[in-house]
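Fold and geometry: a report
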Amino acid sequence: MKRVTGIGGIFFKARDPAALAAWYRDHLGLEVAGWNGAIFSWGGEGSEPGMTLWSPFAADTTYMAPGTASFMVNFRVADLDALLAALRSEGCHVLEDTQSSEQGKFGWVIDPEGNKVELWEPPAGQ
């Protein structure tokens, strides 16, 4: 079974997400959207289309809980349900909650150092 297929996003806590996003826009040229994040599209001849998100979150966000780090990596996966089942059978700390939306399917696992890792199965064609 294919597991991770790429990086879907990099998320991290910031004291002032809007100001930090503006700094990255002004000094590094990121095309920051109204939600204070940027989308890096990729793909091309011989490669599947996709994207990687970059997004600062408010310092007091609980989105990364119960992880203990100030960041979270989102990995693209081919089959979320199969991967979560495999991780459970391997004794990993898989969070029970999963989510589905027009953006795809999401699940989470906690790594051995307490970092919350987001697993994302994008909708077809993304």
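All of the points below concern the structure found in this document. (Residues numbered from 1 in each chain as written. Predicted model: local features only at pLDDT ≥ 70, side-chain atom pairs only at ≥ 80, totals over all residues. Heavy atoms only, no water.)

Regarding the pairing of strand β4 (residues 71–77)
Relative to β4, strand β1 (residues 4–14) runs antiparallel, the two sharing seven bridges. Looking at the pairing, I10 lines up with V73 of β4. Sheet analysis places β4 next to strand β8 (residues 116–121), joined by three bridges and oriented parallel. Each residue of the ladder has a partner; that of N74, found in β8, is E118. (Pairing = 2+ DSSP bridges. Helix = DSSP H or I, 4+ residues; strand = E, 2+ residues; numbered from the N terminus.)

Thoughts on unusual backbone geometry
Looking along the chain, the bond that leaves A65 and enters P66 is cis, with omega of 5°. Examined against the element boundaries, P66 turns out to sit in the loop between β3 (47–58) and β4. A positive phi angle is found at N36, which is not glycine, with a value near 70°.

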